[in-house]
Amino acid sequence: QLQVAESGGGLVQPGGSLTLSCAASGGSLAEYSVGWYRQAPGKEREGISCSSSDGMATTHVPSVKGRFKISRRNFDNKFYLQMDNLKPEDTGVYVCAVDVRPGTASHCSDPIEFDVRGQGTQVTVSS
């Protein structure tokens with residue numbers, strides 16, 4: 001059964017960078033779209049980035065566009081979220097997720113809807 005786990009969170013100053021990683025086990029990521037969502041304190045979950053199975057289609061919500069970039073390396077069963085110019089409002093728990101629903105590999109949907117999820121990693125942006 002496919003499982004995923006995040007790593008790379010931490011404390012960073014405003015304007016800094018972090019790269020989150022998501023490693024899969026129990027199956028191949030190459031068959032699926034993948035994504036990231038986050039949950040900030042007192043706010044609803046927000047899907048932020050998605051990549052199709054081949055990486056050719058990616059989406060980022062306006063609040064992170066130009067600062068965050070999703071990428072994937074199917075050959076080693078991992079995907080990433082590069083986060084630059086971080087802001088205090090980016091603080092939250094970041095969760096990686098995989099869309100295992102039939103027929104979804106070629107496009108992106110809201111990662112909140114994806115069924116396979118990690119436990120999350122905390123990102124705190126503060127001076």
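Up top is the structure.
Definitions and limits used
- Residues numbered from 1 in each chain as written.
- Predicted model: local features only at pLDDT ≥ 70, side-chain atom pairs only at ≥ 80, totals over all residues.
- Heavy atoms only, no water.
- Helix = DSSP H or I, 4+ residues; strand = E, 2+ residues; numbered from the N terminus.
- Rg over C-alpha atoms; globule rule 2.2 N^0.38 Å.
- Buried < 20%, exposed > 50% of the residue type's maximum accessible area, 1.4 Å probe, protein only.
- Pairing = 2+ DSSP bridges.
- Salt bridge = Lys/Arg side-chain N within 4 Å of Asp/Glu carboxyl O.
- Core = buried A, V, L, I, M, F, W, Y, C linked by side-chain atoms within 4.5 Å.
- Contact = heavy atoms within 4.5 Å.

Colleague: Describe the overall build of the chain, with residues and values.
Modeller: Helix and strand counts for the chain come out as zero helices and eleven strands. Start at the N end of the chain and walk to the C end: the helices and strands fall as β-β-β-β-β-β-β-β-β-β-β. Its C-alpha radius of gyration of 13 Å places the chain within 12% of the 14 Å reference for a compact globule of 127 residues. For the chain, the C-alpha atoms occupy an extent of roughly 40 × 25 × 25 Å along the three principal directions.

Colleague: I'd like a rundown of the pairing of strand 1 (residues 3–7), residues and numbers included.
Modeller: By the alternation rule, side chains of strand 1 split into Val-4 and Glu-6, which are all buried, and Gln-3, Ala-5 and Ser-7, of which none is buried. Bridge analysis of strand 1 against strand 3 (residues 18–25) gives five bridges, and the strand direction is antiparallel. Across the sheet, residue Gln-3 finds its bridge partner in strand 3, namely Ser-25.

Colleague: Go over the pattern of salt bridges with me, naming the residues and quoting the values.
Modeller: Under the counting rule described, the total for this entry stands at six salt bridges. A salt bridge links Arg-38 to Asp-90; the shortest N-O distance between them is 2.9 Å. Linking Arg-38 in strand 4 (residues 33–39) with Asp-90 in the loop between strand 8 (78–83) and strand 9 (92–99), this pair joins segments that are 52 residues apart in sequence. A relative accessible area of 7% places Arg-38 in the buried class. By relative accessible area, Asp-90 is classed as buried at 0%. Among the ionic pairs, Asp-90 bridges to Arg-67, the shortest N-O distance being 2.7 Å. Pair noted here: Asp-90 is in the loop between strand 8 and strand 9 and Arg-67 is in the loop between strand 6 (58–60) and strand 7 (68–73), with a separation of 23 residues, a long-range link.

Colleague: Before we move on, can you summarise the nonpolar core with the specific residues and values?
Modeller: By size, the foremost hydrophobic cluster in this structure holds 24 residues, and its most contacted members are Trp-36, Phe-68, Phe-79, Leu-81, Met-83, Tyr-94 and Val-98. When residues of this core are traced back to their parent elements, those giving at least two are strand 3, strand 4, strand 7, strand 8, strand 9 and strand 11 (121–125). Ranked by the residues each element gives to this core, the list is headed by strand 3, at four residues. Not counting chain neighbours up to four residues away, the residues in contact with Phe-68 comprise Arg-38, Ile-48, His-60, Leu-81, Gln-82, Met-83, Asp-84, Leu-86, Asp-90 and Tyr-94. Counting residues in each nonpolar core, the second largest holds six residues, with Cys-50, Val-95, Ile-112 and Phe-114 among its members.

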